[in-house]
Amino acid sequence: MSFFNKKSTFQRKVLPVSLAAGFLLVLFGQQAMAHTRLTVSSTPESSSAHGSTATAVNIPHGCTDNPVIGNVFFLPDTTDAIVHTSTASNFDPFEAPEGARALDHIVNPPFIRLIKSKDAFAMTEFINDPLGNPIGFWAADGEIPAHNWIGQLPMTITSVAIQPDSCATSVRLVPAIANICNVTTVAGIDSLDADNPNVDFWTAPDVGSIYDAPSWSYPASFDITRDLEANPLPASCGEGFAVRIIPSAAQLNRDMPVSINGEQVWPQP
Ligand SMILES: [Cu+2]
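Position labels on residues start from 1 in each chain and follow its written sequence. Only residues with pLDDT of at least 70 are given local features in this predicted model, and only at 80 or more are side-chain atom pairs given and counted; all residues enter the totals for whole chains, interfaces and linings.

**Q** Tell me about the overall build of the protein chain, and please be specific about residues and values.
**A** Scanning the protein chain from terminus to terminus reveals 2 helices and 16 strands. For the exposure call, what matters is how many other C-beta atoms sit within 10 Å of a residue's own: 20 or more marks it buried, 12 or fewer exposed, and in between partly exposed, using C-beta atoms placed from the backbone. Of all 269 residues assigned to the protein chain, the portion counted as buried reaches 36%. Under the DSSP-based scheme used, a helix requires at least four consecutive residues in state H or I and a strand at least two consecutive residues in state E, with every element numbered from the N terminus.

**Q** Explain the environment of V160 residue by residue, including any values.
**A** In this fold, V160 is placed in the loop between strand 9 (151-157) and strand 10 (168-173). In this structure the C-alpha to C-alpha distance between V160 and S46, which are 114 residues apart in sequence, comes to 5.0 Å.

**Q** I'd like to hear about the pairing of strand 13 (residues 222-225), residue by residue, with values.
**A** By the alternation rule, side chains of strand 13 split into F222 and I224, which are all buried, and D223 and T225, of which none is buried. At least two bridges found by DSSP between two strands is the condition for calling them paired. One ladder, built from 4 bridges, connects strand 10 with strand 13; its direction is antiparallel. Paired with V171 across the bridge in strand 13 is I224.

**Q** Let's hear about the pairing of strand 8 (residues 134-144): which residues, and what values?
**A** Where strand 4 (residues 68-74) meets strand 8, 6 bridges bridge the pair, whose relative direction is antiparallel. Note on strand 8: the bridge partner recorded for F74 is G136. Pairing analysis gives 7 bridges linking strand 7 (residues 121-128) to strand 8, with the strands arranged antiparallel. The residue bridging F126 from the neighbouring strand is F137, located in strand 8. Remark: 5 residues form the turn of the hairpin made by strand 7 and strand 8, two consecutive strands paired antiparallel; G132 in that turn has positive phi of roughly 95°.

**Q** I'd like a description of the environment of F74, backed by residues and values.
**A** Inspection of the secondary structure puts F74 in strand 4. It is the C-beta atoms, placed from the backbone, that decide contacts: two residues are in contact if theirs lie within 7 Å. Ignoring any residue separated from it by four or fewer positions in sequence, one finds F74 in contact with I127, I135, G136, P175, A176, P247 and D255.

**Q** Lay out the confidence of the model for the protein chain in plain terms, naming residues and giving numbers.
**A** A low pLDDT means the predicted coordinates there should not be read in detail. Residues at a pLDDT of 70 or more form 88% of the protein chain, whose mean pLDDT is 90. For residues 1-32, every residue scores under 50 in pLDDT, and the model assigns this stretch 2 contacts once sequence neighbours within four places are set aside. The pLDDT value expresses, per residue, how confident the predictor is, ranging between 0 and 100.

**Q** Can you lay out the sheet that holds strand 1 (residues 37-38) for me, pointing to particular residues and giving the numbers?
**A** Judged by pairing direction, the sheet is antiparallel, and its 4 strands sit side by side in the order 1-3-9-6 without closing on themselves. The open sheet has two edge strands, strand 1 and strand 6 (112-114), and neither has a second partner. Examined bridge by bridge, strand 3 (residues 53-59) and strand 9 share 7 bridges and lie antiparallel to one another. Residue pairing for strand 9: A56 is matched across the bridge by P154.

**Q** An account of the nonpolar core is requested, with residue identities and associated values reported.
**A** Throughout this description, the term nonpolar core refers to a group of buried Ala, Val, Leu, Ile, Met, Phe, Trp, Tyr and Cys residues whose C-beta atoms join them within 7 Å. Residues V72, V171, A178 and I245 are the most contacted members of the largest nonpolar core, which totals 58 residues. Leave out the neighbours within four places in its chain, and V171 touches H105, I106, I162, I224, V243 and I245.

**Q** How would you explain the sheet that holds strand 14 (residues 241-246) if you had to name every residue and give the values?
**A** The strand order across the open sheet built from 5 strands is 2-13-10-14-5, with neighbouring strands paired in mixed fashion. Since the sheet does not close on itself, it has two edges, and those belong to strand 2 (42-44) and strand 5 (82-86), each with one partner. Averaged over all neighbouring strand pairs, the angle between strand axes comes to 20°, with direction disregarded. Examined bridge by bridge, strand 2 and strand 13 share 3 bridges and lie parallel to one another. Residue pairing in the sheet places P44 in a bridge with T225 of strand 13. Only the stretch in contact is used when fitting a helix axis, every axis being a line fitted to C-alpha atoms; angles between N-to-C directions are given from 0 to 180 degrees.

**Q** Pulling in residues and values, what's your account of unusual backbone geometry?
**A** Here the residue pair D92 and P93 is connected by a cis peptide bond, since its omega of 5° sits within 30 degrees of zero. Structurally, the position occupied by P93 is in the loop between strand 5 and strand 6. Cis geometry is found at the peptide bond from W266 to P267, where omega equals -15°. In this structure, P267 sits in the segment after strand 16 (263-266). Within the chain, N148 stands out as a residue other than glycine whose phi angle is a positive 70°. Locating N148 in the fold gives a position in the loop between strand 8 and strand 9.

Below you can see the structure in the form of structure tokens.
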């Protein structure tokens, strides 16, 4: 059988199927576009019965039709994170109390431990807070296909206790996540373009960095729920409120760029 015969088989049999698949993709593309999230996204607050939570960054698709070739994930650090409060379960509307600090609501900062795995990416490095504690990682040297594959980057998040004198009934940590599909300069990473073929940002909006996502439907979340029996709300709190902690623009600018051996490789300088 000649190469051309094979090709005609391809055209006869495979092409109609892929055209049909393309048609289905157009029909169901919206629903199929699940966002990058954590596989386990809530946990009780720290207790003797509850330690670290095993979870993973779940990457269900590429940037439009491009495979994901790198990932950045980090939790908010507690030095200058932005703090929101809300009595609405979906944080709509929310308040941004002036001078509020993450440690007003959580006793200890969350850290991560990476679970050894090279399934998706061969190369992984920790991202540390200014004190040297691991709060995230970047991963590269691998590829998650744009469609029909799921990449999972496993880790644990250490347990967090809620401040006894805080009115928080729950604390939502909002990580910053980037799925990198093409290595470009900052000119190629318009974070407000939902269909950017080079990178998808799963970050909070309106922070004031070049890495901000278009809206609150983008960021992932990790919720810590208060143990209302062991750690009851102060009487003055009434029903209490939910707290949301997100990385500051300063942290995004510090932790988002990827450097190898001290040399920034993404975004390209
Ligand atoms: Cu999506």
